[in-house]
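Below are the chains, spelled out letter by letter.
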Amino acid sequence: MYHPKLTSFLDQLKKLFDEVDSHIEDLYGDRYPLHPMRPKRGETANPEADGLFNIGANFTPGFISEHGRGYIIDISIATLEKIDENVRREIYEAATDKVKELLPLYFPERELFVRRDGIHFKIQGDFSLGNI
């Protein structure tokens, strides 16, 4: 069971990443064939479960990170095709740019930012829950 304020934060983060997923699907969703076991975009109630992309974030305490804790932006591409590294980088940058644009809209009360941490992009900043 999570603290109600953490649950609220995670719900907002999910909405943000659903919007990022939609944006990246619009830009790149027709470039590669879907994995045969993956439903087409919009066929499920959850954008994580359909279409070419699954975009979200996973919390890391950052013990071995140069920059510490945060949410690593995770992008999975559901295809059997080999994706050129330049295209993969372009997709990651477009998704990261959209996250940067949306963070202040979804979390206006928090100071959150995106930075590169090694080979990953990570959301960092104020994850406090405030007063209990």
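Coordinates for the structure precede this section.
All of these numbers come straight from a predicted model, not from anything done at the bench.

A. A look at the sheet that holds strand β3 (residues 112-117). Across the sheet, four strands lie side by side as β1-β2-β4-β3; this open sheet has antiparallel pairing. Whereas interior strands pair on both sides, the edge strands pair on one side only; in this sheet they are β1 (53-60) and β3. Neighbour to neighbour, the strand axes of the sheet diverge by 30 degrees on average, direction disregarded. As judged from the two bridges shared by strand β2 (residues 70-77) and strand β4 (residues 120-125), these two strands associate in the antiparallel manner. Looking at the pairing, Y71 lines up with I123 of β4.

B. Highlighting the environment of P33. With respect to the secondary-structure elements, P33 resides in the loop between α1 (4-28) and β1. Residue P33 is classed as partly exposed on the basis of its relative accessible area, which comes to 47%. For the pair P33 and L52, spaced 19 residues apart in sequence, the C-alpha to C-alpha distance is 7.9 Å. Residues contacting P33, with those up to four places away along its chain left out, are L52, A78, T79 and E81.

C. Quick look at helix α2 (residues 85-106). Over its 22 residues, α2 runs 31 Å from end to end, which matches the ideal 32 Å to within 8%, given 1.5 Å per residue. All of the buried residues in α2 are V87, I91, A94, A95, T96, K98, V99, L102, L103 and Y106. Lining the buried residues of α2 we find α1, β1, β2, β3 and β4.

D. Geometry of the packing of α1 against α2. Interhelical geometry of α1 versus α2 gives an angle of 140 degrees and a closest axis separation of 9 Å. Taken together, the axes of α1 and α2 are oblique relative to one another. You can see that α1 and α2 cross each other, and the crossing is right-handed. Between α1 and α2, the residues in contact are Q12, K15, L16, F17, E19, V20, H23, I24, L27 and Y28 and E90, I91, A94, A95, K98, V99, L102, L103 and Y106, respectively. Per-class residue counts for the contact of α1 with α2 are 13 nonpolar, two polar and four charged.

E. How the structure looks around the side chain of D21. By the element assignment, D21 lies in helix α1. R41 provides the closest opposite charge to the buried, salt-bridge-free D21, at an N-O distance of 5.6 Å. D21 has contacts with P47, F53, N54 and I55, leaving out every residue within four places of it along the chain.

F. Representation of the environment of R110 in the model. Summarising the element assignment, R110 is placed in the loop between α2 and β3. If near-sequence neighbours (up to four positions away) are discounted, R110 is found in contact with F9, D126, F127 and S128.

Reading guide: rules and limits
Residues numbered from 1 in each chain as written. Predicted model: local features only at pLDDT ≥ 70, side-chain atom pairs only at ≥ 80, totals over all residues. Heavy atoms only, no water. Pairing = 2+ DSSP bridges. Helix = DSSP H or I, 4+ residues; strand = E, 2+ residues; numbered from the N terminus. Axes fitted to C-alpha atoms, helices over the stretch in contact; angles between N-to-C directions. Buried < 20%, exposed > 50% of the residue type's maximum accessible area, 1.4 Å probe, protein only. Contact = heavy atoms within 4.5 Å. Expected span 1.5 Å × (residues − 1). Parallel < 35°, antiparallel > 145°, perpendicular 65-115°, else oblique. Left-handed = near helix turned anticlockwise from the far one by under 90°. Nonpolar A, V, L, I, M, F, W, Y, C, P; charged D, E, K, R; others polar. Lys, Arg positive; Asp, Glu negative; His and termini not counted. Salt bridge = Lys/Arg side-chain N within 4 Å of Asp/Glu carboxyl O.

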